[in-house]
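# Structural characterization, general
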Amino acid sequence: MLKTKAAYDEAVKTLKELREKEKKENQEALLKAVAESKWSYEKIMEFIRSDPEDVEE
């Protein structure tokens, strides 16, 4: 049972690390996209804060 618990704990630790890495990569990609965008900061913030149901596709 101790081996199972240790394997579980290691898997949970690995999953947390992977989720943190993914979150960081997503944040970096978002910042890069904003920096390279032709949209103004104000327009981007307006879009992000808007209700998705109010945005036309």
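A count of helices and strands for the chain gives 2 helices and 0 strands. Whereas a compact globule of 57 residues would reach a radius of gyration of roughly 10 Å, the chain reaches 19 Å, over 25% beyond that. A buried classification covers 4% of the 57 residues belonging to the chain. Of the roughly 6,100 Å² that the chain leaves accessible, carbon and sulfur atoms contribute 57%. Taking the average location of the 12 positive side-chain charges in the chain and that of its 15 negative ones, the two points are 10 Å from each other.

In the structure shown here, the tally under the stated rule is 1 salt bridge. The closest approach of N and O atoms between Asp9 and Lys5, which form a salt bridge, is 2.9 Å. Taken together, the positions of Asp9 and Lys5, both in helix H1 (residues 2-36) and 4 residues apart, correspond to about one turn of that helix. Judged by relative accessible area, which is 33%, Asp9 ranks as partly exposed.

Thresholds applied
- Residues numbered from 1 in each chain as written.
- Predicted model: local features only at pLDDT ≥ 70, side-chain atom pairs only at ≥ 80, totals over all residues.
- Heavy atoms only, no water.
- Helix = DSSP H or I, 4+ residues; strand = E, 2+ residues; numbered from the N terminus.
- Rg over C-alpha atoms; globule rule 2.2 N^0.38 Å.
- Buried < 20%, exposed > 50% of the residue type's maximum accessible area, 1.4 Å probe, protein only.
- Areas by Shrake-Rupley, 256 points an atom, 1.4 Å probe, with all protein chains shown as cover.
- Lys, Arg positive; Asp, Glu negative; His and termini not counted.
- Charge placed at Lys NZ, Arg CZ, Asp CG, Glu CD.
- Salt bridge = Lys/Arg side-chain N within 4 Å of Asp/Glu carboxyl O.

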